[in-house]
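Here is how the chains run, residue by residue.
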Amino acid sequence: MEKLFETHYAYIEHDNKNDLIFLKMKNVVEHEEYKTMFLTVLEKFVEKKCYRLLVDQSDVQKSSMESRAWLVTKWIPMVRQEIGENAKCAVVLARNMFSKIGAQYVVGLVGTITRLDIKSFSNHEDAMHWLVED
C-alpha cells in the first residue's frame, strides 16, 4: 500500500495489488475536511487511473448532512466528468448509528441517480471481496 494522504480524520492509500484507492475515515470529520478528503480521492483517481474505491467509515463518529449533500451534488458530478461512470465503490458503514444511517442514505441515493456501481457493507472483508471480484 502506498500512502497518499494522512490527517487526524482520514488517510488515503493506493493498493497496487488490487488496483484500488482505500479511504479510511475516522473520528469527527468537519465539512471542509470532508471536502478536502474527497477532492484528494478524485485527484488520486485521475493520477493513478484507478477507479475502484474502498471507503471505510467504521470509525467515523460524525460527519454532517451538509457534507453528504456536497458529496452527492458536487463531488459525484465531478467524478462523472473526470472518469465517467466506470467507478466502483464499496462503503464499509460506520458503527455509530447516526453516521451509518447517513451513509446508507447516500449510497442508496448515488446508486439511483447514477450508474456508478456502489454498495455498502458491514465489514472490510466483504467490501474488499466485492470490490475486486471480476
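Residues numbered from 1 in each chain as written. Predicted model: local features only at pLDDT ≥ 70, side-chain atom pairs only at ≥ 80, totals over all residues. Heavy atoms only, no water.

A. Geometry of the nonpolar core. Leu23, Met25, Met37, Phe38, Leu53 and Trp75 are the most contacted members of the largest nonpolar core, which totals 35 residues. Those elements giving two or more residues to this core turn out to be strand E1 (2-6), strand E2 (10-15), strand E3 (20-29), helix H1 (31-48), strand E4 (52-63), helix H2 (65-83), strand E5 (88-92) and helix H3 (97-113). Top contributing element to this core by residue count: H2, with 7 residues. Sequence-distant contacts of leucine 53, that is, excluding residues within four places in its chain, are made with Ile21, Leu23, Val41, Phe45, Trp75, Lys88, Cys89, Ala90 and Leu131. (Core = buried A, V, L, I, M, F, W, Y, C linked by side-chain atoms within 4.5 Å. Buried < 20%, exposed > 50% of the residue type's maximum accessible area, 1.4 Å probe, protein only. Helix = DSSP H or I, 4+ residues; strand = E, 2+ residues; numbered from the N terminus. Contact = heavy atoms within 4.5 Å.)

B. Seen up close, the side chain of lysine 88. For lysine 88, the position within the fold is in strand E5. No salt bridge is formed by the buried lysine 88; the nearest opposite charge belongs to glutamate 133, separated by 4.3 Å. A polar contact is formed between the side chain of lysine 88 and the backbone oxygen of tryptophan 130, at a distance of 2.9 Å. (Lys, Arg positive; Asp, Glu negative; His and termini not counted. Salt bridge = Lys/Arg side-chain N within 4 Å of Asp/Glu carboxyl O. Polar contact = N/O pair within 3.5 Å; in protein donor to acceptor, adjacent residues only side chain to side chain.)

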